[in-house]
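# Coordinate inspection notes
Listed below are the residues making up each chain.
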Amino acid sequence: METIKGRAQKIVDGLNLTDAQKAENVRNIIANRYFLLNQIHEKYDKTQQDARDAELYKHHFELASALAQYLNEEQIDAVKDGMTFGRLKRDYKAQLEMIPSLTDEEKAQVLIWLKEAREFAMDAADSKGKHAWFDKYRGRTNNWLSARGYDLKKERENWQKRMEKK
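Described below are features of the structure shown in this document. (Residues numbered from 1 in each chain as written. Predicted model: local features only at pLDDT ≥ 70, side-chain atom pairs only at ≥ 80, totals over all residues. Heavy atoms only, no water.)

Taking 1.5 Å per residue, 14 residues should reach 20 Å; helix 9 (residues 152–165) reaches 20 Å between its end C-alpha atoms and fits that length. Sitting at the head of helix 9, Asp151 places a side-chain oxygen 3.3 Å from the backbone nitrogen of Lys153. (Helix = DSSP H or I, 4+ residues; strand = E, 2+ residues; numbered from the N terminus. Expected span 1.5 Å × (residues − 1). Polar contact = N/O pair within 3.5 Å; in protein donor to acceptor, adjacent residues only side chain to side chain.)

Right under this line is the structure:
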């Protein structure tokens, strides 16, 4: 219980809320979300994935709705990022650095998929599961970019060279 409260508090601390009561309420919402996720994941075994996923989906939107009583959209995104180790921002930044020639349309699509990955990752049972969602979507993005003519191996090598120069 203390681990979950600590994890939730760390996310709240990143929001820099000045109202102590509001911060406590937000912490409790996040902590309760973690408790609910743990209950759902413990309730189902590997043969019951469809039932687990249905229950996760049933409760998925409750977090943002509850947080909306206290936070704006940007802060809610910060909570989601906190629950998913900041992978969305890190992965998006890396994609833009690796392929600086991405069009605005391509950048938008990459961001859309990263946001989708984050939504799934928020409901994962553990950090491994959270990272797996982002890895899955990175694969989807890479396949899509390859189909659009990008040589990702070459882009990655050029990115490495640029980073070594810095």
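After presenting the structure, the write-up continues.
Let's shift gears to the layout of surface pockets. Roughly 650 Å³ of volume is contained in the largest pocket. Forming the boundary of the largest pocket are 22 residues, of which His41, Arg52, Asp53, Leu56 and Trp133 lie nearest the centre. Among the elements of the structure, helix 3 (49–60), helix 7 (104–122) and helix 8 (127–147) are those that each provide at least two residues to the lining of the largest pocket. For the lining of the largest pocket, the leading source of residues is helix 3, giving six residues. (1 Å grid on protein atoms, 1.4 Å probe; cavity = no way out; pocket = protein on both sides within 12 Å on 5 of 7 lines; lining within 4 Å. Points joined across faces, edges and corners; volume = space filled by probe spheres on them.)

Take the pattern of salt bridges next. Under the counting rule described, the total for this entry stands at 14 salt bridges. For Glu119, the salt bridge is made with Lys80, and the minimal N-O distance between the two is 2.8 Å. Remark: Lys80 occurs in helix 5 (residues 73–83) and Glu119 occurs in helix 7; sequence separation between them is 39 residues. Judged by relative accessible area, which is 22%, Glu119 ranks as partly exposed. For Lys80, a relative accessible area of 13% corresponds to the buried category. With its nearest N and O atoms 2.8 Å apart, the salt bridge here joins Asp81 to Arg118. Of this pair, Asp81 sits in helix 5 while Arg118 sits in helix 7; the two residues are 37 residues apart in sequence, bridging distant segments of the chain. (Salt bridge = Lys/Arg side-chain N within 4 Å of Asp/Glu carboxyl O. Buried < 20%, exposed > 50% of the residue type's maximum accessible area, 1.4 Å probe, protein only.)

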